[in-house]
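Structural features, examined
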Amino acid sequence: MTARPAPRMVEVLNGALHRLFDERTSLHLLGEDVLDPYGGAFKVTRGLSTRHPDRVLGTPISEAGITGVAGGLALAGDEAVVEMMFGDFAALAFDQVLNLISKSVTMYGERVPMPVVVRCPVGGNRGYGPTHSQSVQKHFLGIPNLALYETSPFHDPYAQLAEGLDHGPAMLFEDKVLYTRRVFRDGVVDEHHGYTLLGGPTGWAHITPLDGAPADVVLMCPGGTAHRAIEAGRLLRERGLTAHVLVPARLYPPDLEPVLPLLAGARLVAVAEESTAGGTWGAEIAARVHGLIWAELRAPVTLLSSADSVVPTAPHLEAGVLLGAERIAGEIEAAASRSLPPRAPAEPVATAEPVATARPRAAPVPDPPAPDSARPETTGPQGAEPVAGVPVGVPKLNNNDTAYLVIQWLAEDGAQVAEGDPLVEVETSKAVEEIVAPAAGYVRVRAAEGSEVEVGELLAELFTEPPTAAPAEPPTAPAAAAPVPSPAAPPEPAHRTHVLDRAQQGTAAVVTRAHQEVPAAFAAVEVEVDAVLARLRTLSDETGAEVGLPEAVVKAVAAAHPAFPQLFGTLLDERTVRLADTVDIGVTVDAGNGLYIPVLRDCAARSLADLSDDLMEFRMKAFRGEFTAGELSGGSLSVSLNVEPGVLVVQPIVMWPQLCMVSVGGPLTRLVLADGKPVPATVVTLGLAYDHRVVNGREAVAFLRTVADALHDPEQLVKLID
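A brief look at the structure comes next. (Residues numbered from 1 in each chain as written. Predicted model: local features only at pLDDT ≥ 70, side-chain atom pairs only at ≥ 80, totals over all residues. Heavy atoms only, no water.)

1. Considerations on the overall build of the protein chain
For the record, the criterion: By definition, any uninterrupted DSSP run of H or I lasting at least four residues is a helix, any uninterrupted run of E lasting at least two residues is a strand, and each is numbered from the N terminus. Each residue is placed in one exposure class: buried if its accessible area under a 1.4 Å probe, protein chains only, is under 20% of its type's maximum, exposed if it is over 50%, and partly exposed if it falls in between. Residues count as neighbours in contact if any of their non-hydrogen atoms are within 4.5 Å of one another. Under the convention used here, a 1.4 Å probe and the Shrake-Rupley method define accessible areas, while residue burial counts only the protein chains that appear.
When helices and strands are tallied, the protein chain shows 16 helices and 33 strands. Residue burial in the protein chain is summarised as follows: out of 722 residues, 51% are buried. Of the contacts formed within the protein chain by residues at least 6 apart in sequence, a portion of 71% connects residues at least 24 apart. For the protein chain, the accessible surface area stands at approximately 32500 Å², while carbon and sulfur atoms represent 55% of it.

In structure tokens:
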């Protein structure tokens, strides 16, 4: 029995509000567009007005008025939750928060309960632009009697809301990127990290590596930055630093007591948050940490914030402004190099020789070769001297490839390199990976550019001294000799050039191989999509996930797998196709910085909403170029998404070693006959590029018709979406 996936944050928040309304008969909710069927801009209040029509109040557009009414309800003995449509608009309610709600607790000569919680969706990474993407938490810090909370994937929002009402007033900041993400539960983050809660349900989540490695760095961050902090921790681990992450449920006033021992024992403490610098939560944390454990700190607390800018709308500009995982890791690494003392020497232990690592690394590297004393001497290519240097082997970069293509040497043969310097780029089934030097030394190249190398095979060696003999030339593909120019030949005129970035070089390498090895054919059909688009809009409203035609096409393609299993296979030899056990489908994502084809896993068994969550995550990673090789490999078939309006038809390239790629064009308006009358209909073109060695034209068209029927036929549409 498959375990039920964890709920998304929007579902958990909605459930918390329903529970509070069932328990507290005097609780009211006020906000703009919170009534059903809309249920709030982010669907957090869905269903509340239907169950509690007298206590859920849709209001005019007046944040000051909404918050003032909530304060009046509290003074009259009731309780209130206020929803700001966007946290940016809380600035309009600042006077009511500062001068009415918070002061009313203590300015009447006795303590007055003020059970009010103001909910604020905050943060960027959604392309909403300068006035809908800010992190405004810092503007409410330090107000007497006002508590600040932030949702996180580790904490139950019911506990935050209940504590905020019981000890109010309070504000709950909800980072918008978390709404569609799934919460963590049962102490599990992923295959590399787990977590525990320190200080109770509204205390701190402590995220640690599963191998129990002690913290070099403790990274503190609010919940909306948690995923970026965990990813930064992975990057830092690859660079030799172990990071533990601390995420609070309550931002202010902070309770540092449960985490002080961890902070005191770390070599570096850092705080990362999405707001701009100056008067921030991070600065408040740093000041308190300095005051409490200054004598134990090895360096001042490192503060990390977004750039000093408004938040742009364009995704590539937004990504450049907002704090991301790569920048977190880079700045912590730099701070560590300046501030961390060297590790105390450990007891000597027997170690194997170092093996090259890839950056980024998607899988553990294989066991290194045996030490020299246990390894027979071998000779390198073309009779080179015996292998005696530090070997640079080919690491295992993903679970689906056993060999990779050497694309480009980044260090010349004979060059001196330091540990961690980039040596060579190799191509996996989709990504181009960079192999770095496992030690310092002089490079002796053992695998030529353009050659294919298997996992564990020797790429190069690193010698402590420059090689005395002239290095043997690595084998190269035969090429025609270049003509020697005549001395009198005029110089070539200068031309403007454009150098392809690494992502595009990787695409070029795969496309070249596809053209060389896959005899592709192409077929296309047209399908009406008005019915599926209408049903997807309803599904988006019901689930809070942003479900569109791309997810529906992926699901329809996956549904065709039982009838056409060979289209999802891999050609092993001229007569054998290895069939896929699960339907893992690659989807094209182009954010303007290179084409990526990340893989959606087990598409047949998962819901459209789940696939939508993954696609949203892929788009964010594409903006930042943060994919790992594992996310870009292992697909059994791919879908090329080109759904911009007006795109007639797209003929994709089959991505070796797959056998097929489906393409989806943009929506077009056609006139069709309905009851004998011409009516407009929305159509898209579905295409299939297929390996003609395995798939014939009749079968290709039958497959496309099956996918089209799933998107158009009412009965099949219900099965596909529900």
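Once you've had a look at it, read on.
2. Quick look at the pattern of salt bridges
Formally: Take a side-chain nitrogen of Lys or Arg and a carboxyl oxygen of Asp or Glu: if they are within 4 Å of each other, that pair is a salt bridge.
Taken as a whole, this structure holds 24 salt bridges when the rule is applied. Residue glutamate 461 pairs with arginine 446 through a salt bridge whose shortest N-O separation is 2.6 Å. With a gap of 15 residues between them, glutamate 461 in strand β22 (residues 458–463) and arginine 446 in the loop between β20 (441–445) and β21 (452–454) connect regions that are remote in the sequence. Of the two residues, glutamate 461 and arginine 446, neither departs from the other in class, the shared state being buried.

3. Points about the side chain of threonine 67
Tracing the sequence through the fold places threonine 67 in helix α3 (residues 63–75). Ignoring any residue separated from it by four or fewer positions in sequence, one finds threonine 67 in contact with Val82, Met84, Ala93, Gln96, Val97, Ile101 and Val118.

4. Details of the sheet that holds strand β10 (residues 243–248)
The line we're drawing: Should DSSP find at least two bridges between two strands, the strands are taken to pair. Inter-axis angles, ranging from 0 to 180 degrees, are taken between N-to-C directions of lines fitted to C-alpha atoms, where helices are fitted over the stretch in contact.
Strand order in the open sheet formed by six strands is β7-β8-β10-β9-β12-β13, with mixed pairing between adjacent strands. Both edges of this open sheet fall to β7 (193–198) and β13 (302–306), since each of them pairs with a single strand only. With strand direction ignored, the average angle separating the axes of adjacent strands in the sheet is 25°. Where strand β9 (residues 217–220) lies against strand β12 (residues 268–276), four bridges are found, and the strand directions are parallel. Across the sheet, residue leucine 219 finds its bridge partner in β12, namely alanine 270.

5. Overview of helix α15 (residues 697–712)
The periodicity of an α-helix, 3.6 residues per turn, causes residues three or four positions apart to be oriented the same way. Going by this rule: Helices are assigned an expected span. That span is 1.5 Å times one less than the residue count. Throughout, the arc means that of the directions going from the helix axis to the C-beta atoms.
Its 16 residues place the ends of α15 22 Å apart at the C-alpha level, agreeing with the 22 Å of an ideal helix rising 1.5 Å per residue. Within α15, burial applies to Ala700, Phe703, Leu704, Val707, Ala708, Ala710 and Leu711. Take α15 and look down its axis: the buried residues cluster within an arc of 160°, on one side only.

6. Section: the packing of aromatic side chains
What counts, and what does not: A pair of Phe, Tyr and Trp rings is counted when the ring centres sit within 6.5 Å of each other, with Trp represented by its six-membered ring. The angle between the planes then sorts it: under 30 degrees is stacked, over 60 is edge-to-face, the rest tilted. For a Lys NZ or an Arg CZ to count as sitting over a ring, it must be within 6 Å of the ring centre and within 35 degrees of the ring normal.
The tally for this structure, following the rule as stated, stands at eleven aromatic pairs. Ring plane angle 45° and centroid distance 6.4 Å describe the contact between phenylalanine 140 and phenylalanine 173, whose orientation is recorded as tilted. With phenylalanine 140 in the loop between β4 (116–122) and β5 (147–150) and phenylalanine 173 in strand β6 (residues 170–175), this residue pair connects regions lying 33 residues apart in the sequence. In terms of burial, phenylalanine 140 and phenylalanine 173 fall into one category: buried. Summarising the aromatic geometry, the rings of phenylalanine 568 and phenylalanine 703 are spaced 6.3 Å apart at their centres and angled 70° between planes, so their arrangement reads as edge-to-face. With phenylalanine 568 in the loop between α13 (549–559) and β24 (570–573) and phenylalanine 703 in helix α15, this pair connects stretches of sequence that are 135 residues apart. The class of phenylalanine 568 is buried, set by a relative accessible area of 1%. Residue phenylalanine 703 is classed as buried on the basis of its relative accessible area, which comes to 0%. Chaining the aromatic ring pairs together yields one cluster made of Phe42, Phe86, Phe89, Tyr128 and Tyr179. We note arginine 19 situated over the ring of tyrosine 158; from NZ or CZ to the ring centre the distance is 3.5 Å.

7. Quick word on a nonpolar patch on the surface
Here is the rule we go by: Exposure above 30% relative accessible area and the lack of any salt bridge qualify a residue for a patch; like charges then connect within 9 Å, and the nonpolar side chains Val, Leu, Ile, Met, Phe, Trp and Tyr within 5 Å.
The grouping of Leu75, Met107 and Tyr108 at the surface amounts to a nonpolar patch, some 300 Å² of accessible area in total. One can find methionine 107 in the loop between α4 (94–101) and β4. Classification of methionine 107 as partly exposed rests on a relative accessible area of 44%.

8. Notes on the environment of threonine 208
The topology assignment puts threonine 208 in strand β8 (residues 204–209). Other than its neighbours up to four places away in sequence, threonine 208 contacts His192, His193, Gly194 and His244.

9. Section: the environment of lysine 621
Note the cut-off: Here a polar contact is taken to be a pair of N or O atoms separated by no more than 3.5 Å, where protein atoms must pair a possible hydrogen donor with a possible acceptor and residues adjacent in sequence count only if both atoms sit in side chains.
The residue lysine 621 is located in helix α14 (residues 608–624) in this model. Since its relative accessible area comes to 14%, lysine 621 is described here as buried. Once residues within four sequence positions are removed from consideration, lysine 621 is found in contact with Glu626, Phe627 and Glu631. A polar contact is formed between the side chain of lysine 621 and the side chain of glutamate 631, at a distance of 2.5 Å.

10. Thoughts on helix α8 (residues 281–293)
Here α8 contains 13 residues, and its C-alpha end-to-end distance of 18 Å stays within 8% of the 18 Å for a straight helix at 1.5 Å per residue. Inspection of α8 places Trp281, Gly282, Ile285, Ala286, Val289 and Ile293 among the buried residues, and these make up the whole buried set. Down the axis of α8, the buried side of the element spans an arc of 135°, and every buried residue falls inside it. Where α8 begins, the side chain of threonine 280 points an oxygen toward the backbone nitrogen of glycine 282, at a separation of 3.3 Å.

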